[in-house]
Amino acid sequence: MKTILVKVGIGTLVAASLLLVSLLSPAHAQNDAMSEARTIATFGLMSPRLLNALNLTPDQKAQIELSKNAFRDAQRAYLSEIRALRKEVADKLFGPNPAREADVAAQITKIADLREQLLRQGFKIALDVRNVLKPDQLAKAATIRQQLQDIQSEVRGLFNENQ
C-alpha cells in the first residue's frame, strides 16, 4: 500500500513539474530565448501562458503587445552592446599580452550598467502590464504564481535542495 502511495505521490509531482515547465515556457515559441528573457526580466508578468490564463480583453492584449514590442527592442539593443563588450573583454583575456582587471574595468562597468538598465526597464514593463490588469485578473495571476512557487518548493524538497 505504501508503495502505491509513493508511486502516486511521485507521479503527482512529475505531473506538477511538467505543468510548471509548460506554464513557465513561452506559448508560441518554446525555444525563443528573447521571450524567456522577457518573462524573467518582467518578473513573470510577461509570461505568454500566464497572460493567456488571464483571459485578456482585446484592448488589454493590444496595450501589452505595445509594451512587449518596446521591451523587445530594448533587449535587442542590450544584446548588441553586450556582445561587443564581451568580445572586447575576451580579446584581452585571450590576447598575447598579459591581462589585468584594470584593462577591462570600463567594459565590465558598462556591462553592469546595461544589466541594471535592462532590469529597470523590465520592472517598468511589469508595472505597465500590472496596471493594465483588472483586480480579478491580478488576483488570478497572484494565485497562479503562488501555486507555481508551491510546486517548485515541493520539487526542491524531493531533491533535498532546501537543506
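If you're wondering where the values come from, they're calculated on a predicted model, not measured in any experiment. (Residues numbered from 1 in each chain as written. Predicted model: local features only at pLDDT ≥ 70, side-chain atom pairs only at ≥ 80, totals over all residues. Heavy atoms only, no water.)

Digging into the overall build of the protein chain
Phase 1 of the analysis: Secondary structure summary: the protein chain contains six helices and zero strands in total.
Phase 2 of the analysis: Starting at the N terminus and ending at the C terminus, the protein chain contains elements arranged as α-α-α-α-α-α.
Phase 3 of the analysis: Out of the 163 residues in the protein chain, the part that is buried amounts to 28%.
Phase 4 of the analysis: For the protein chain, the exposed area adds up to about 11200 Å²; of that, 59% sits on carbon and sulfur atoms. (Helix = DSSP H or I, 4+ residues; strand = E, 2+ residues; numbered from the N terminus. Buried < 20%, exposed > 50% of the residue type's maximum accessible area, 1.4 Å probe, protein only. Areas by Shrake-Rupley, 256 points an atom, 1.4 Å probe, with all protein chains shown as cover.)

Observations concerning a nonpolar patch on the surface
Phase 1 of the analysis: Where nonpolar side chains cluster on the molecular surface, the patch consists of F43, L119, F123 and L127 and spans about 390 Å² of accessible area.
Phase 2 of the analysis: Secondary-structure assignment places F43 in the loop between α2 (33-41) and α3 (48-53). (Patch = residues over 30% accessible without salt bridge, like charges linked within 9 Å, V, L, I, M, F, W, Y side chains within 5 Å. Salt bridge = Lys/Arg side-chain N within 4 Å of Asp/Glu carboxyl O.)

Re unusual backbone geometry
Only a minority of non-glycine residues have a phi that is not negative, and only a minority of peptide bonds are not trans.
Phase 1 of the analysis: Unlike most non-glycine residues, F43 shows phi in positive territory, near 60 degrees.
Phase 2 of the analysis: Despite not being glycine, N55 has its phi angle at roughly 50 degrees, a positive value.
Phase 3 of the analysis: Tracing the chain through its elements places N55 in the loop between α3 and α4 (58-94).
Phase 4 of the analysis: Overall, N55 belongs to the exposed group, its relative accessible area being 59%.

Comments concerning the packing of α4 against helix α5 (residues 101-132)
Phase 1 of the analysis: The geometry of α4 relative to α5 is characterised by a closest axis approach of 10 Å and an angle of 170 degrees between their N-to-C directions. By the criterion of interaxial angle, the relationship of α4 to α5 is roughly antiparallel. (Axes fitted to C-alpha atoms, helices over the stretch in contact; angles between N-to-C directions. Parallel < 35°, antiparallel > 145°, perpendicular 65-115°, else oblique.)

What about α4?
Phase 1 of the analysis: Between its first and last C-alpha atoms α4 spans 52 Å; for 37 residues at 1.5 Å apiece the expected length is 54 Å, and the two agree.
Phase 2 of the analysis: Those residues of α4 that fall on the buried side of the exposure criterion are Q60, I64, S67, F71, A74, Q75, Y78, I82, L85 and V89. (Expected span 1.5 Å × (residues − 1).)

As for the confidence of the model for the protein chain
For any part of a model where pLDDT is low, the fine detail of the predicted coordinates should not be relied upon.
Phase 1 of the analysis: Taken residue by residue, the protein chain gives an average pLDDT of 82. The fraction at 70 or more is 79%.
Phase 2 of the analysis: The low-confidence segment residues 11-31 (pLDDT under 50) makes 26 contacts with residues lying over four places distant or belonging to another chain. (pLDDT = per-residue confidence, 0-100. Contact = heavy atoms within 4.5 Å.)

Some details on the pattern of salt bridges
Phase 1 of the analysis: Under the criterion given, the structure shown has six salt bridges.
Phase 2 of the analysis: The closest approach of N and O atoms between K87 and D91, which form a salt bridge, is 2.7 Å. A residue pair is termed a helical-turn pair when its members lie 3 or 4 positions apart in one helix, as K87 and D91 do in helix α4 at four residues.
Phase 3 of the analysis: With its nearest N and O atoms 2.8 Å apart, the salt bridge here joins E116 to R120. With E116 and R120 both in helix α5 and four residues apart, this pair spans about one turn of that helix.

Brief notes about the nonpolar core
Phase 1 of the analysis: Judged by nonpolar contacts, the single largest core of 23 residues is most densely connected at L45, L50, L51, L54, L56, I64 and V129.
Phase 2 of the analysis: Broken down by secondary-structure element, the contributors of at least two residues to this core are α3, α4, α5 and α6 (135-158).
Phase 3 of the analysis: Here this core takes seven residues from α5, the largest share from any one element. (Core = buried A, V, L, I, M, F, W, Y, C linked by side-chain atoms within 4.5 Å.)

So, α2
Residues three or four positions apart in an α-helix share a direction because the helix packs 3.6 residues into each turn.
Phase 1 of the analysis: Listing the buried residues of α2 in full gives M34, S35, R38, T39 and A41.
Phase 2 of the analysis: Next to the buried residues of α2 lie α3, α4 and α5.
Phase 3 of the analysis: One or two positions beyond α2, positive phi appears at F43, with a value near 60 degrees.

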